[in-house]
Amino acid sequence: CTSLTSITIPDSVSSIGNYAFDGCTSLTSITIPDSVTSIGERAFYDCSSLATVTFGENSQLTGIGDYAFYACSSLTSITIPDSVTSIDHSAFDGCKSLKNVHYNGTKAQWNKISIGFNNSPLTSATILFQSSGA
């Protein structure tokens, strides 16, 4: 899928499976609908041109799998829904351009997310909280 530049995932999709877009090096943006509850292992692995990941306002996403966004070196910003409870190991490893993480919840909610090892681009980024509540 090296020539794929964008994709629209239909609302009927509940999960993005393992290796779904692995190696889609020309993919620049993706919108993930509210219906998606999980992103599988290596789903966007080595999507080196991926700059934007957008989730729906009422996202039900609960988990981001191992290596899901590994080596997405053009990813500068991502919004993580407050429904997320786990981010598996190396999900954002190799995302050397990641600067801002917009989180739709509070700092207390963020601190409850289980974040696996090798996610330093994620944990070193600036976390911007949408809600200031406890």
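How each quantity is defined
- Residues numbered from 1 in each chain as written.
- Predicted model: local features only at pLDDT ≥ 70, side-chain atom pairs only at ≥ 80, totals over all residues.
- Heavy atoms only, no water.
- Disulfide = S-S within 2.5 Å.
- Helix = DSSP H or I, 4+ residues; strand = E, 2+ residues; numbered from the N terminus.
- Phe/Tyr/Trp six-rings, centres within 6.5 Å; stacked < 30°, edge-to-face > 60°.
- Buried < 20%, exposed > 50% of the residue type's maximum accessible area, 1.4 Å probe, protein only.
- Lys NZ or Arg CZ within 6 Å of the ring centre and 35° of its normal.
- Pairing = 2+ DSSP bridges.
- Axes fitted to C-alpha atoms, helices over the stretch in contact; angles between N-to-C directions.

A. Examining the state of the cysteines more closely. Overall, the coordinates contain 1 disulfide when judged by the stated rule. Through a disulfide, C1 is tied to C24; the S-S separation comes to 1.8 Å. Because the torsion about its S-S bond is -105°, the bridge between C1 and C24 counts as left-handed. Taken as a pair, C1 in the segment before β1 (6-8) and C24 in the loop between β2 (15-16) and β3 (29-32) lie far apart in primary sequence, 23 residues in all. With no disulfide of its own, C72 lies closest to C47 among cysteine sulfurs, the gap being 5.1 Å. Cysteine C95 is unpaired, with the sulfur of C72 as its nearest cysteine sulfur at 5.1 Å.

B. Inspection of the packing of aromatic side chains at higher detail. Inspection of the entire model under this criterion finds 8 aromatic pairs. For the pair F69 and F92, a centre-to-centre distance of 5.2 Å together with 15° between the ring planes defines the contact as stacked. Taken together, the residues span a long stretch of sequence, with F69 in the loop between β6 (63-64) and β7 (77-80) and F92 in the loop between β8 (86-87) and β9 (100-103) at a distance of 23 residues. This pair shows no difference in class: F69 is buried, exactly as F92 is. The structure contains a cluster of three or more aromatic residues connected by ring pairs, namely F21, F44, F69 and F92. Across the ring face of Y45, the terminal group of R42 is positioned such that the distance to the ring centre comes to 3.7 Å.

C. Highlighting the sheet that holds β1. Taken in spatial order, the 6 strands make up an open sheet running β1-β3-β5-β7-β9-β11, and their pairing is parallel. Edge strands, defined here as strands with exactly one partner in the open sheet, are β1 and β11 (126-129). Between one strand axis and the next, the sheet turns by 15° as a mean value, whatever way the strands run. As judged from the 2 bridges shared by strand β5 (residues 52-55) and β7, these two strands associate in the parallel manner. Looking at the pairing, V53 lines up with I78 of β7.

D. Structural context of the sheet that holds β8. The 5 strands are arranged β2-β4-β6-β8-β10 in an open sheet whose pairing can be described as parallel. Taken across any chain shown, the strands that pair with only one partner, and hence form the sheet edges, are β2 and β10 (114-115). Bridge count between β8 and β10: 2 bridges; the pairing is parallel. The residue of β10 that forms the bridge with I87 is I115.

These figures come from the coordinates and say nothing about function on their own.
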